[in-house]
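# A look at the structure
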Amino acid sequence: MFGAGNEGRPGGRRARLRRAAALALVGAVLTGAAACGGDEKGDGDKRGQEAGADGKAPVSSPAAEPGDSAGSGGTGGTGALSQRDLTALAFTDGEKIGKYTAGEFTLGAPLGEDYTANPATCQPLVSLAKGATAFDPASEVHRNVDVAEEMLGTTVAVQLRSYNGDGAAGVMKALATAGKECAGGFVENRAVAKGQYLKVEPAKAPDHGDEAQAYRFTILDVKGTLKLYEYLTVVRSGTTTLSFRADITDTKDIGKVPDEVITAQWKKFEAGSKG
């Protein structure tokens, strides 16, 4: 999952092709680095599809229209937020969060349908995109957050998704199931390669929203020699989930999703939902 945000802003350090291509490049760079220092490294990106009883995701609820208000889906409603309302609660292009800067993805949403998990139960750990679980989002917004001056620094994919009915709660249940059943690892199938998750471990989750989960991933690079550490935190508030996936183009373990990024997005979401 190297560079979940590598599809980032025009002219910025994330102006690369989709993550698979970035991984191949990173693998070559890190292999050279390993020869000099003995570090480790990794990769990644994804798709979504969590199985129902028959192994297929049921048909989802219809999406909210961009200009329609689908209901109070913030901190306690039962309807999904419209695309317009959800966008208003997300980071804006160029917004500053401490040393980080938020931006839009130029090549479409990251962690999309090009990536699948084997077994399929593990899919929510790979992606919460449409088809990842039995519940598809009615609206979603994606932001890339990084330090513009750092070519190989930490990057965070911040993704807000709003669901009809109890979809958001269902997504969190599927995520929790995946966290338990896939603790020993699984395979991520990408467009041009496969990634091996060696371990899935619970991490400290923030005290935000109605519930929150956090995970630490240990991932083997495409050459099978170096390790990467990646972090995922998902917060649910009413019918909306806020997902934060952090990694670094290095073998360094960053320890967690940056607190300032989670806190800033949560505060903006919470304030806007109440307003």
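Chains are numbered independently. Their residues run from 1 in the order of the written sequence. For a predicted model such as this one, the threshold for reporting local features is a pLDDT of at least 70, and the threshold for listing and counting side-chain atom pairs is 80 or more; totals across whole chains, interfaces and linings nevertheless cover every residue. As a rule here, side-chain values come from all non-hydrogen atoms in the structure, and water together with hydrogens is ignored.

The secondary structure content of the protein amounts to five helices and ten strands. Accessibility here uses a 1.4 Å probe with only protein chains present; expressed as a share of the type maximum, an area under 20% marks a residue as buried, one over 50% as exposed, and anything in between as partly exposed. When burial is assessed residue by residue, the protein has 51% of its 275 residues classed as buried. By definition in these notes, contact holds between two residues if any of their heavy atoms fall within 4.5 Å. For the protein, restricting intrachain contacts to residue pairs at least 6 apart in sequence, the fraction spanning at least 24 positions comes to 68%. Only the protein chains shown count as covering a residue, and every accessible area follows the Shrake-Rupley method with a 1.4 Å probe. Working note: accessible area of the protein is about 11000 Å², and carbon and sulfur atoms make up 52% of it. Helix and strand assignments come from DSSP, with helices taken as H or I runs of at least 4 residues and strands as E runs of at least 2, each series counted from the N terminus.

Here the nonpolar core consists of buried residues drawn from Ala, Val, Leu, Ile, Met, Phe, Trp, Tyr and Cys, with membership extended through side-chain atoms lying within 4.5 Å. With 26 residues, the main nonpolar core has Val 145, Val 156, Val 158, Phe 244 and Val 261 as its most contacted residues. The set of elements that each furnish at least two residues to this core consists of helix 2 (83-89), strand 2 (100-103), strand 4 (139-146), strand 5 (154-162), strand 9 (227-237), strand 10 (240-248) and helix 5 (259-274). Grouped together as the second largest cluster of nonpolar side chains are 22 residues, Ala 117, Leu 125, Tyr 163 and Leu 232 included.

So, about the pattern of salt bridges. Just to be clear on terms, a salt bridge is a Lys or Arg side-chain nitrogen sitting within 4 Å of an Asp or Glu carboxyl oxygen. Overall, the coordinates contain ten salt bridges when judged by the stated rule. The partner of Arg 216 in a salt bridge is Glu 201, with the nearest N and O atoms 2.6 Å apart. Of this pair, Arg 216 sits in strand 8 (residues 211-220) while Glu 201 sits in strand 7 (residues 194-202), placing them 15 residues apart in sequence. Judged by its relative accessible area of 24%, Glu 201 is partly exposed.

Stacked, edge-to-face and tilted labels apply to pairs of Phe, Tyr and Trp rings (six-membered ring for Trp) whose centres lie within 6.5 Å, assigned for plane angles under 30 degrees, over 60, and everything in between, in that order. Under the defined criterion, the tally for this structure stands at three aromatic pairs. Aromatic pair Phe 186 and Tyr 197: ring centres 4.2 Å apart, planes at 20 degrees, arrangement stacked. Here Phe 186, found in strand 6 (residues 186-189), pairs with Tyr 197, found in strand 7; they are eleven residues apart in sequence, far enough to count as distant. We classify Phe 186 as buried; its relative accessible area is 2%. Each member of the aromatic cluster is reached from another via a ring pair, and the members are Phe 186, Tyr 197 and Phe 217.

All right, on to the sheet that holds strand 7 then. Here the rule is simple: two strands pair whenever DSSP picks up at least two bridges between them. The strand order across the open sheet built from ten strands is 1-2-4-5-10-9-8-7-6-3, with neighbouring strands paired in antiparallel fashion. In this open sheet, the two edge strands, each paired with only one partner strand, are strand 1 (96-97) and strand 3 (116-118). With ten bridges joining them, strand 8 and strand 9 adopt antiparallel strand pairing. Bridging from a neighbouring strand, Leu 220 pairs with Lys 227 of strand 9. A fitted line through C-alpha atoms represents every axis, and for helices the fit uses only the stretch in contact; the resulting angles, taken between N-to-C directions, go from 0 to 180 degrees. Of the strands in this sheet, strand 7, strand 8, strand 9 and strand 10 touch helix 4 (residues 167-181), which is tilted by about 40 degrees from strand 8. The sheet strands contacting helix 5 are strand 1, strand 2, strand 4, strand 5, strand 9 and strand 10, and the helix crosses strand 10 at an angle near 160 degrees.

Burial within strand 9 is extensive, with ten of its eleven residues counted as buried. Here strand 8 folds back onto strand 9 in antiparallel fashion, the turn holding six residues, of which Gly 224 has a positive phi close to 75 degrees. Direction of pairing for strand 9 relative to strand 10: antiparallel, over a ladder of seven bridges. Paired with Leu 232 across the strands is Arg 245, a residue of strand 10. From the end of strand 9 to the start of strand 10, which pair antiparallel, there are two residues, and Gly 238 there has a positive phi angle of about 60 degrees.

Judged from the six bridges that link them, strand 7 and strand 8 form a sheet pairing that is antiparallel. Across the sheet, residue Gln 196 finds its bridge partner in strand 8, namely Leu 220.

All right, on to the state of the cysteines then. The definition used for a disulfide is geometric: two cysteine sulfur atoms within 2.5 Å. Summed over the entire model, instances satisfying the criterion amount to one disulfide. Disulfide partner of Cys 122: Cys 182, at an S-S distance of 1.9 Å. Across the S-S bond of Cys 122 and Cys 182 the torsion is about -100 degrees, and the bridge reads as left-handed. Remark: Cys 182 occurs in the loop between helix 4 and strand 6 and Cys 122 occurs in the loop between strand 3 and helix 3 (123-126); sequence separation between them is 60 residues. Accessibility classification places Cys 122 together with Cys 182 in one group, the buried group.

The end-to-end C-alpha distance of helix 4 is 21 Å, a good match for the 21 Å that 15 residues give at a rise of 1.5 Å each. What helix 4 keeps buried is the set Gly 167, Ala 168, Gly 170, Val 171, Met 172, Ala 174, Leu 175, Ala 178 and Gly 179. Among the structural elements, helix 3, strand 7, strand 8, strand 9 and strand 10 are those in contact with the buried residues of helix 4. Here the expected length of a helix is defined as 1.5 Å per residue gap, with one fewer gap than residues.

The next subject is unusual backbone geometry. The omega torsion of the bond from Asn 118 to Pro 119 falls at 5 degrees, within 30 degrees of zero and hence cis. One can find Pro 119 in the loop between strand 3 and helix 3.

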